[in-house]
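Given next are the chains, with one letter for each unit.
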Amino acid sequence: MKEYLDRQVEIRQQAWHQAKAIIDVATAEKRDLTAEEEQTYSRLNGELNDRAATISKLREDESRELRMDAATREIADQVRPVAAPHSDDDVQMIRSLIKGEVRSANFERRDILKTSTGSPVPTSFYNQVIMKARLIAPVLNVATVLNTAGGENLQIPRLSTYSVGTVNSEGATFGESDPAFAAFITLSAFKFGFLTQVSLELLEDSGVDMLGFLADQVGNAVGFSVGSALTVGTGTVEPTGIVTASSVGGTSGTATGFTADNLIDLFYSLDGAARQLPGVAFMMTGQSIGRVRKLKDTAGNFVFQPALGLDAPDTLLGKALIENPSMAEATTGLKSVIVGHMPSFFVRNVGGIKLDRSDDFAFSAGLATFRAQMRIDSNLPQTSHIKHLLQP
């Protein structure tokens, strides 16, 4: 599969260079694209998106295949008994929920240790859910996630001013300069959840990968609801989103678009120290990324560059470019682009993911009802680390 994946990346690169050549020719001749060129350019952009989706799908299939292999080995172990697994194993817990032996279970984040044997396949239910959620809620993939057992308020300090050094003459006493702290950022725990129903017949079918099925359902539901809150949440009855917490870094020249100069000004509105931190990235919607692909700087260089490898992201001005479907499009009065040190944004997750089962809720229909819930909050202590572009 790796050779096929590499081939998809190579084809995507070829499509990008062809699209780039069309723009270069029109720019050199100081004209707009002809109807034929516009059609070809749109086709190539579509191929870029299709190849990116194919690469993402192949990665997901590869991960699913590894999970299915693990499930197959588990069924084989039932026929040929091996050493009993730990009682807190997620697969065993899911099986107990399916059989109705337990009615509630908590699944928390687990690290892969250096003492682990075999392939580093994330088999825990929590990890499978978060892997799926990160595809829909990319903020989870780039923010600093704090996992806590309890839901009591968590206070994070933030600096308003730093200590300042001065020049002192020989023998003079050094003056005191202490940093000043602003009000604490308080992270609480907002509850997100949903119900999903499964027929009893499906649960009784031992050939169904219920761990993967439930992980997909919970991951999608959590991804859409939590992803929106972590992006544009108001901070009142939901978390404070990364866009909401960011500070203004510039205003676009038009109400429904932006230029390369707007993006350059936005990037350099960040503090110089923040720009050098690992984890600095741009974030916007897919439609906005489509606009970015056509933009050039004053030297005629494209500000967008496609990924050169399977694990490398597309880049804008040399920084990672992240697509977030929960962000606003370029529309009057909205914040269409953000850039900054994404790990400066804190996400607080309380107690992992809780999964409950009820056979009474839909007893007459022969359905088992599963309830998934997750408690989460977020905020940005250092607002100068992430800036947004405002549409006028």
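It should be emphasised that the depicted structure is a prediction, and the values quoted were computed from it without experimental measurement.

A. Looking closely at the overall build of the protein. The helix and strand tally for the protein stands at 11 helices and 16 strands. The burial tally for the protein puts 39% of its 392 residues in the buried class. Partitioning the contacts of the protein with sequence separation of at least 6, the portion at a separation of at least 24 is 75%. If you sum the accessible surface of the protein, you get close to 20,700 Å²; carbon and sulfur atoms cover 53% of it.

B. Spotlight on the environment of Arg-293. Tracing the sequence through the fold places Arg-293 in the loop between helix 11 (286-292) and strand 10 (304-305). For Arg-293, a relative accessible area of 4% gives the class buried. Residues Arg-293 and Pro-306, 13 residues apart in the sequence, show an inter-C-alpha distance of 9.1 Å. With residues up to four places along the chain from it excluded, the contact list for Arg-293 reads Arg-12, Trp-16, Tyr-41, Asn-45, Leu-48, Asn-49, Phe-302 and Phe-304. At 3.3 Å, the side chain of Arg-293 and the side chain of Asn-49 are in polar contact.

C. Quick peek at the side chain of Thr-231. Examined against the element boundaries, Thr-231 turns out to sit in helix 7 (residues 210-232). Judged by relative accessible area, Thr-231 falls into the buried class, the value being 0%. Within the structure, the side chain of Thr-231 is placed 3.0 Å from the side chain of Asn-324, a separation counted as a polar contact. Sequence-distant contacts of Thr-231, defined by excluding residues within four places in its chain, comprise Val-139, Gly-241, Ile-242, Val-243, Thr-244, Asn-324, Ser-326 and Met-327.

D. Just the sheet that holds strand 11 (residues 315-316), in detail. Read from one edge to the other, the open sheet built from seven strands follows the order 8-16-13-9-12-11-10, with strand pairing classed as mixed. On the outer flanks of this sheet lie strand 8 (247-251) and strand 10, each paired with one strand and no other. Summarising the sheet, strand 11 and strand 12 (residues 319-323) pair through two bridges and their orientation is antiparallel. The partner of Thr-315 across the bridge, within strand 12, is Ala-320.

E. Representation of the nonpolar core in the model. Counting residues in hydrophobic clusters, the biggest one holds 34 residues, and the most contacted among them are Ile-242, Ile-338 and Phe-345. Those elements giving two or more residues to this core turn out to be helix 5 (139-142), strand 7 (190-199), helix 7, helix 8 (242-245), strand 9 (280-284), strand 14 (346-358) and strand 15 (367-379). Counting residues per element, this core draws most heavily on helix 7, which supplies six residues. Excluding its chain neighbours within four sequence positions, the residues that come into contact with Phe-345 are Val-139, Ala-143, Thr-144, Leu-230, Thr-240, Gly-241, Ile-242, Ser-378, Asn-379, Leu-380 and Ile-386. Core analysis: the second largest hydrophobic core is formed by 28 residues, Phe-258, Ala-260, Val-280 and Leu-295 among them.

F. Local environment of the packing of aromatic side chains. Under the definition given, this model contains four aromatic pairs. Put simply, the rings of Trp-16, Phe-302 and Phe-304 pair up and form one aromatic cluster.

G. Expanded view of the pattern of salt bridges. Within the structure shown, the criterion is met by six salt bridges. A salt bridge links Glu-37 to Arg-31, with the nearest nitrogen and oxygen atoms 2.8 Å apart. We note a salt bridge from Asp-359 to Arg-357, for which the minimum N-O separation is 2.9 Å. Through salt bridges with shared partners, one network takes in Lys-20, Asp-24 and Lys-296.

H. Main features of the confidence of the model for the protein. The pLDDT averaged across the protein works out to 79; a share of 79% of its residues lies at or above 70. In this model, residues 110-123 is a region of pLDDT below 50 whose contacts with residues beyond four sequence positions or in other chains number 11 contacts.

I. Region of the structure containing helix 9 (residues 260-267). Inspection of helix 9 places Ala-260, Asn-262, Leu-263, Leu-266 and Phe-267 among the buried residues, and these make up the whole buried set. Down the axis of helix 9, the smallest arc covering the buried residues is 160 degrees, so these residues share one side.

The rules behind these values
- Each chain has its residues counted from 1, running along the sequence as written.
- Two thresholds apply to this predicted model, a pLDDT of at least 70 for residue-level local features and 80 or more for giving and counting side-chain atom pairs, whereas whole-chain, interface and lining totals are computed over all residues.
- Hydrogens and waters are ignored; side-chain quantities use all the structure's heavy atoms.
- Each helix is a run of DSSP H or I of at least 4 residues and each strand a run of E of at least 2, with the numbering of both proceeding from the N terminus.
- Only protein chains enter the accessibility calculation, which uses a 1.4 Å probe; a residue is then buried when its area is under 20% of its type maximum, exposed when over 50%, and partly exposed in between.
- Throughout, a contact is declared for two residues whenever any of their heavy atoms are within 4.5 Å.
- Using a 1.4 Å probe, accessible areas were evaluated by the Shrake-Rupley method; residue-level cover was limited to the displayed protein chains.
- Polar contact is defined as a pair of N or O atoms within 3.5 Å, subject to the rule that within protein one atom must be able to donate a hydrogen and the other to accept it, and that residues adjacent in sequence are counted only when both atoms are side-chain atoms.
- In this analysis, strands are considered paired if DSSP registers two or more bridges between them.
- Throughout this description, the term nonpolar core refers to a set of buried Ala, Val, Leu, Ile, Met, Phe, Trp, Tyr and Cys residues connected via side-chain atoms within 4.5 Å.
- Put simply, two rings from Phe, Tyr or Trp (the six-membered ring, in Trp's case) pair if the centres are within 6.5 Å, and we call them stacked under 30 degrees between planes, edge-to-face over 60, tilted for the rest.
- A carboxyl oxygen of Asp or Glu within 4 Å of a side-chain nitrogen of Lys or Arg is what we treat as a salt bridge.
- For every residue, the predictor states its confidence as a pLDDT score lying anywhere from 0 to 100.
- Note that the arc is computed from the directions linking the helix axis to the C-beta atoms.

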